[in-house]
Amino acid sequence: MDFSHYEDTFTKEATKMGYSSQKIERCLDYAEILFSNDVPVIYNSSHLAGLIGYKKEYLKKAALHTKYFYRDFEILKKNGQKRAISEPLPSLKEIQQWILKNILYKRAVSAFAKAYKPNVSLIENLKFHKNQPKVFTLDLENFFPSIGIESVEKVFTDLGYTKGISDLLSKLCTRDGSLPQGAPTSPYLSNLIFEDADKTISEYCLEKKIRYTRYADDLSFSGDFDEKELFNIVNEAVEKLRLKINQSKTKLMTPDSRQTVTGIVVNEKPQVVFHKRNALRQAMYYIQKFGIDEHREYKEINQANFLEHMIGKINFVLQINPKDTEFIGYKSYLKELKKKRDASDNKAASLLM
């Protein structure tokens, strides 16, 4: 539906309901801005509830009492520390997914942001940094929790939504006043909120002929440059967003050392770091020699989906280097194992029917 069609339909219905011409004009002025941004027209909380398919009272409860709508747990990070995850309950997750698909995805993010974008793979963050004299990487501390609800609300007001609707949408996407690690809306919101910083950093980098990409909270730079000056530019840009660089994770890498971007070696061609590839080689050696169940038992691996887990890890290696014949062979072997296991499971299930 184009705006002229919407305008005619709305005017007829609003007139029937007794709206004054002034009120109709105000509504249409508001709707036209949202139409121009290709996002849904939302007049009030009842209207939003109808669009999403939840009662207005439920939306308000989810916005006001957020702690009751999340499940908290921890996952182990690469460095052995634990990361707190706040996963929304299925109902709130469904609401957030509607906001993500129908509102947030309608606004483009910086071309320099390489994470959390539909149909963009990790390789997009790596290919710019191959064979460079310097690779400089920076990491932001507590990325999602440091992004406050005021910044989230601004995303919605900038699209044209009223203060009231923007307040409700931002509360549905935050917990305790910040982005929760685990909500489907948090990653894309972080990209939108970081847009001004991306612009400042990228303009400096383009002027200095520095290659720049950002993968979530990992900022990567390559080329020939003054890293101290670059650090100061980045630091000033992120501080405006009330974010902070984790100086303990700042790395400057030259060609005579292993240059990595988001954990992937980029010296000559993108490649998963050696120790991870070697661990997979060892696991595959024992799986092929003794069998996957015997390997799990010997290593005391209790993971129920271990076969799928191994396929996922090998797929990641192949995502970075699709022509790696060694890992193509491993994937083929595991896929055949899975095919046999699935056939056996289906046969067993049919006997029970």
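Just so it is clear, the structure is predicted and the values come from calculations on it, not from any experiment.

Cut-off values and rules
Residues numbered from 1 in each chain as written. Predicted model: local features only at pLDDT ≥ 70, side-chain atom pairs only at ≥ 80, totals over all residues. Heavy atoms only, no water. Buried < 20%, exposed > 50% of the residue type's maximum accessible area, 1.4 Å probe, protein only. Helix = DSSP H or I, 4+ residues; strand = E, 2+ residues; numbered from the N terminus. Contact = heavy atoms within 4.5 Å. Patch = residues over 30% accessible without salt bridge, like charges linked within 9 Å, V, L, I, M, F, W, Y side chains within 5 Å. Areas by Shrake-Rupley, 256 points an atom, 1.4 Å probe, with all protein chains shown as cover. Salt bridge = Lys/Arg side-chain N within 4 Å of Asp/Glu carboxyl O. Lys, Arg positive; Asp, Glu negative; His and termini not counted. Charge placed at Lys NZ, Arg CZ, Asp CG, Glu CD. Domains from an automatic or database assignment. Pairing = 2+ DSSP bridges. Axes fitted to C-alpha atoms, helices over the stretch in contact; angles between N-to-C directions. Parallel < 35°, antiparallel > 145°, perpendicular 65-115°, else oblique. Left-handed = near helix turned anticlockwise from the far one by under 90°. Nonpolar A, V, L, I, M, F, W, Y, C, P; charged D, E, K, R; others polar. Phe/Tyr/Trp six-rings, centres within 6.5 Å; stacked < 30°, edge-to-face > 60°. Lys NZ or Arg CZ within 6 Å of the ring centre and 35° of its normal.

**Re helix α8 (residues 186–193)**
With respect to burial, α8 is a largely interior element, eight of its eight residues being buried. Here α8 has its buried residues at Ser 186, Pro 187, Tyr 188, Leu 189, Ser 190, Asn 191, Leu 192 and Ile 193. Tucked into the core, α8 has its buried residues touching α5 (90–102), α6 (149–158), α9 (195–208) and β4 (211–215).

**Observations regarding a negative patch on the surface**
Together, Asp 2, Glu 7, Asp 8, Glu 25, Asp 29 and Glu 32 line one region of the surface with negative charge. Elements with a contribution of two residues or more to the negative patch: α1 (3–16) and α2 (21–36). Among the elements that line the negative patch, the one with the most residues is α2, at three residues. Mapped onto the fold, Asp 29 is located in helix α2.

**Quick notes on unusual backbone geometry**
Glycine aside, the phi torsion of most residues is negative, and most peptide linkages are trans. The phi torsion at Lys 209 lies on the positive side, around 60°, for a residue other than glycine. Inspection of the secondary structure assignment puts Lys 209 in the loop between α9 and β4. By relative accessible area, Lys 209 is classed as exposed at 74%. The phi torsion at Arg 242 lies on the positive side, around 65°, for a residue other than glycine. Among the secondary structure elements, Arg 242 is positioned in the loop between α10 (227–239) and β6 (251–253). The class of Arg 242 is exposed, set by a relative accessible area of 71%.

**Looking at the domain arrangement of the protein**
Here the protein is partitioned into domain 1 (1–37), domain 2 (70–265) and domain 3 (273–351). Taken over C-alpha atoms, the centre of domain 1 sits 58 Å from the centre of domain 3.

**What to know about the sheet that holds strand β3 (residues 134–139)**
Pairing in this open sheet of four strands is antiparallel, and the strands run β4-β5-β3-β6 from one edge to the other. A strand with exactly one partner marks an edge of an open sheet, and here the two such strands are β4 and β6. Direction aside, neighbouring strands of the sheet carry axes that sit 15° apart on average. Alignment of β3 against β6, held across three bridges, turns out to be antiparallel.

**Details of the packing of helix α11 (residues 274–290) against helix α12 (residues 292–299)**
When two helices pack together, their arrangement is given by the angle between the helix axes and the distance between those axes. In the contact formed by α11 and α12, the axes pass within 7 Å of each other and the chain directions differ by 125°. When the interaxial angle is binned, α11 and α12 end up oblique. Judged by the twist between their axes, the crossing of α11 over α12 is right-handed. Contact residues: α11 offers Ala 283, Tyr 286, Ile 287 and Phe 290, while α12 offers Ile 292, Glu 294 and His 295. In terms of residue class, the contact of α11 with α12 is made up of five nonpolar, one polar and one charged.

**Details of the packing of aromatic side chains**
Taken as a whole and assessed by the stated rule, the structure comprises 18 aromatic pairs. For the pair Phe 143 and Phe 144, a centre-to-centre distance of 5.7 Å together with 35° between the ring planes defines the contact as tilted. By relative accessible area, which is 5% here, Phe 143 ends up buried. Chaining the aromatic ring pairs together yields one cluster made of Phe 3, Tyr 6, Phe 10, Tyr 30, Phe 35 and Tyr 43. Directly above the aromatic system of Tyr 19 lies the positively charged group of Lys 23, at a separation of 4.4 Å from the ring centroid.

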